[in-house]
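Spelled out from the first residue to the last, the chains are:
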Amino acid sequence: MSTILIVEDNEKNMKLARDILQHKGHVTLEAKTGEQGVRLAILHQPDLILMDILLPGIDGIAALGQIREQPALDATPVIAISASVMPDAQHHIVNSGFDAFLTKPVSLKPFLEVVDRLLTEGRSK
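This one's a predicted model, so the numbers in the text were calculated from it and none came from an experiment.

Draft legend 1. The nonpolar core, seen in detail. Grouped together as the largest cluster of nonpolar side chains are 20 residues, with contacts concentrated most on L5, V7, I49, M51, I67 and F98. Elements that contribute at least two residues to this core include exactly β1 (3-7), β2 (27-31), α2 (34-44), β3 (48-52), α3 (60-68) and β4 (78-82). Core analysis: the second largest hydrophobic core is formed by 18 residues, I4, I6, L48 and L118 among them.

This is the structure we're talking about:
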């Protein structure tokens, strides 16, 4: 059983991710802002983080930077989730240090495949 932090300001997207992950047996933590996400990540040291990019307060890229500054979280996989499908925006997000990128709305099978792969890779490190 893994603990996954979901950082998402849209309640419908939060519910979808939470329901999928809990159905698969994961424990979920939830944050609605980048600042809350960073605080919860430091406090709970989750096995994986799902990070929306456009958030109130600091955005997902800035939150990732603060998370990566924490030695205990440096190797924690972080998946960027964004509705932005513009190639330039995707390129910028991927090059910001995220371990994977998923577009919204999430598709169930690719979503679970990325989550499972990153959790497995994280345990083998």
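Draft legend 2. Quick look at unusual backbone geometry. Cis peptide bonds are those with omega within 30 degrees of zero, and the linkage from K104 to P105 qualifies with -5°. One can find P105 in the loop between β5 (100-103) and α5 (108-124). One non-glycine residue, Q45, lies in the positive phi region at around 45°. Residue classification places Q45 among the partly exposed positions, given a relative accessible area of 44%.

Draft legend 3. Main features of the sheet that holds β4. Strand order in the open sheet formed by 5 strands is β2-β1-β3-β4-β5, and the pairing between neighbours is parallel. The open sheet has two free edges, formed respectively by β2 and β5, since each of these has just one partner strand. Strand after strand, the sheet turns through a mean of 20° between neighbouring axes, direction not considered. Both β1 and β3 contribute to a ladder of 4 bridges, which runs parallel. The residue of β3 that forms the bridge with V7 is M51. The strands touched by helix α4 (residues 87-94) are β4 and β5; relative to β5, the strand with the most contacts, the crossing angle is about 145°.

Draft legend 4. Structural detail: the pattern of salt bridges. With the rule as written, the count across this model stands at 9 salt bridges. Between E11 and R18 there is a salt bridge, and its shortest N-O distance comes to 4.0 Å. Judged by relative accessible area, E11 falls into the partly exposed class, the value being 39%. D99 is paired through a salt bridge with R68; the nearest N and O atoms lie 2.9 Å apart. Here the residue D99 occupies a position in the loop between α4 and β5, and R68 occupies one in helix α3, the gap between them amounting to 31 residues. Residue class for D99 comes out partly exposed when judged on its relative accessible area of 36%.

Thresholds, definitions, all that
- Residues numbered from 1 in each chain as written.
- Predicted model: local features only at pLDDT ≥ 70, side-chain atom pairs only at ≥ 80, totals over all residues.
- Heavy atoms only, no water.
- Core = buried A, V, L, I, M, F, W, Y, C linked by side-chain atoms within 4.5 Å.
- Buried < 20%, exposed > 50% of the residue type's maximum accessible area, 1.4 Å probe, protein only.
- Helix = DSSP H or I, 4+ residues; strand = E, 2+ residues; numbered from the N terminus.
- Pairing = 2+ DSSP bridges.
- Axes fitted to C-alpha atoms, helices over the stretch in contact; angles between N-to-C directions.
- Contact = heavy atoms within 4.5 Å.
- Salt bridge = Lys/Arg side-chain N within 4 Å of Asp/Glu carboxyl O.

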